[in-house]
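Remarks on the overall topology
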Amino acid sequence: MSENNATALPFAPGFSCDLSYSGIFENLKYLLQCAYMVPPAILYARILYVIWVKNRKIYIQHQFFVIYSMDSLMGLFLLLLDIFIIRFFIYTPQFCESGSKFFLSHPILMDIYYPFFNYLHCCQPLIQIFLTLNRMSSVVWPVDHNKIWRKNLSFIIIFILITPFLFIWNTVISPKILISYFGGFSINYQKLVPWAGMTLFLMILRSIAAGITVVSTVITFWKMSKMRNRLKKSEKTLCFACAGTSICFLIPAIFAAFKTWNSFWAKHWMSDVLQPFAWDVLNVGSPFIMIFVSGQLRSHVFDFSIFRNPSVVTVHTATVIMNTSSH
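What counts as what
- Residues numbered from 1 in each chain as written.
- Predicted model: local features only at pLDDT ≥ 70, side-chain atom pairs only at ≥ 80, totals over all residues.
- Heavy atoms only, no water.
- Axes fitted to C-alpha atoms, helices over the stretch in contact; angles between N-to-C directions.
- Helix = DSSP H or I, 4+ residues; strand = E, 2+ residues; numbered from the N terminus.
- Parallel < 35°, antiparallel > 145°, perpendicular 65-115°, else oblique.
- Left-handed = near helix turned anticlockwise from the far one by under 90°.
- Contact = heavy atoms within 4.5 Å.
- UniProt positions renumbered as here; feature names shortened; annotations may be inferred.
- pLDDT = per-residue confidence, 0-100.
- Buried < 20%, exposed > 50% of the residue type's maximum accessible area, 1.4 Å probe, protein only.
- Polar contact = N/O pair within 3.5 Å; in protein donor to acceptor, adjacent residues only side chain to side chain.
- Pairing = 2+ DSSP bridges.
- Disulfide = S-S within 2.5 Å.

Attention now moves to the packing of helix 3 (residues 63–90) against helix 6 (residues 145–162). Between helix 3 and helix 6, whose axes approach to 9 Å, the crossing angle comes to 20°. For the element pair helix 3 / helix 6, the angle class is roughly parallel. Of the two possible hands of crossing, helix 3 and helix 6 adopt the one that is left-handed. Note on element contacts: helix 6 touches helix 3 through Asn146, Trp149, Arg150, Leu153, Ile156, Ile157, Ile160 and Leu161, opposite Gln63, Val66, Ile67, Met70 and Met74.

In this section: the UniProt feature "transmembrane region" (unreviewed entry) in the protein chain. The UniProt record marks residues 30–52, 73–92, 112–133, 153–172, 192–218, 238–257 and 277–297 with the feature "transmembrane region" (unreviewed entry), using the residue numbering of this structure. Along residues 238–257 the backbone is 100% helical and 0% strand, and the end-to-end C-alpha distance reaches 28 Å.

A word on the confidence of the model for the protein chain. In this model, the protein chain carries a mean pLDDT of 84, and residues with pLDDT of at least 70 account for 81%. Within the protein chain, the element-level pLDDT minimum falls on helix 13 (residues 310–325), averaging 45, and the maximum on helix 7 (residues 165–173), averaging 97. The low-confidence segment residues 4–12 (pLDDT under 50) makes 20 contacts with residues lying over four places distant or belonging to another chain. This model gives residues 306–327 a pLDDT under 50, and the stretch forms 32 contacts once residues within four places in sequence are excluded.

With that settled, consider the side chain of Gln296. As for its placement among the helices and strands, Gln296 is situated in helix 12 (residues 295–301). Taking the relative accessible area as the measure of exposure, Gln296 reaches 4% and is therefore buried. A polar atom in the side chain of Gln296 sits 3.1 Å from the side chain of Ser294.

Let us look at the environment of Gly23. Mapped onto the elements of the fold, Gly23 is located in helix 1 (residues 23–54). Along the chain, Gly23 and Thr92 lie 69 residues apart, while their C-alpha atoms are 6.5 Å from each other. Once residues lying within four places of it in the same chain are set aside, the contact partners of Gly23 are Pro93 and Gln94.

In this section: the pairing of strand 2 (residues 184–189). The element strand 2 is largely enclosed, with a buried count of six among its six residues. The alternating pattern of strand 2 places Gly184, Ser186 and Asn188 and Phe185, Ile187 and Tyr189 on opposite faces, both of which are buried. Pairing between strand 1 (residues 176–181) and strand 2: six bridges, direction antiparallel. Residue pairing for strand 2: Leu178 is matched across the bridge by Ile187. Linking strand 1 back to strand 2 in an antiparallel pair, the connection comprises two residues, with Phe182 at a positive phi of about 50°.

Attention now moves to the state of the cysteines. Taken as a whole and assessed by the stated rule, the structure comprises one disulfide. The disulfide bridge from Cys17 ends at Cys96, spanning 2.1 Å between sulfur atoms. Its torsion about the S-S bond being -95°, the disulfide of Cys17 and Cys96 is classed as left-handed. Placement of Cys17 in the segment before helix 1 and of Cys96 in helix 4 (residues 96–105) is noted, with a sequence separation of 79 residues between them. Assessed through its relative accessible area of 22%, Cys17 is described here as partly exposed. Take Cys242: it sits in no disulfide, and the sulfur closest to it among the cysteines is that of Cys239, at 7.4 Å.

Structure, rendered in structure tokens:
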């Protein structure tokens, strides 16, 4: 979780589990969190299936959904890491001793897991930037929008996938450690380069993304207010969906900025407790907002009739997409 207390807590070879926590109570906290993390994980998987398998020929023609599928993939990975690794070992004191010994005896797993975890968090702000820019350009340059994004989509995808390494390099080269967290433990790192902290890097990245998100969203809705009704209807669905996910993104971004600039809050134990839940707002809220706002995606995600009459579903899908995304 937080890197601020990494050097102050015990780690190998002196790492020890805190036996003062009630196993049953901690397990209950884990199950309650799984209860709201499992449904969006399933929803993410279903969205990815719809975009890349079930209706691939239709959705990959629209750059917004290609980029959103990357966001869904990152969100799915983060939820799976939370469910099966991060919160499992934090809230199951029964496995603290055996789990810590396993990771300490297989350090390669920590060397892979921790940079990958931060890589996913760095990808999310970059994806958010291009999602909001995509919606802005669709109303600012409706005629050339598809041409511009189709031409630059490959570069955008490469940029999103490579840029995070500019921020996570210190987590790659630094030794990984275990820190005591509630009745269990969490994997962290002991910074080899003291000034290059992930908290600072993520705050900078999220602040830039938040600024672009706010400006792009304001321009999008200002421009929509001046468009003809016919054009409004064709764009408003995805614009509202994007605005909703932007709000989910801004909450952890604001939390990270406040934690970085407020020294008292950064060192307070409540900061480490609440930080994961700030991330949950984005990872849990994003798929539900998109499904709730986008009728065509909702109908495809919850429509299993393709297995009975795929030709009818394909024709219906093409009609809905053309009606909602054409310019």
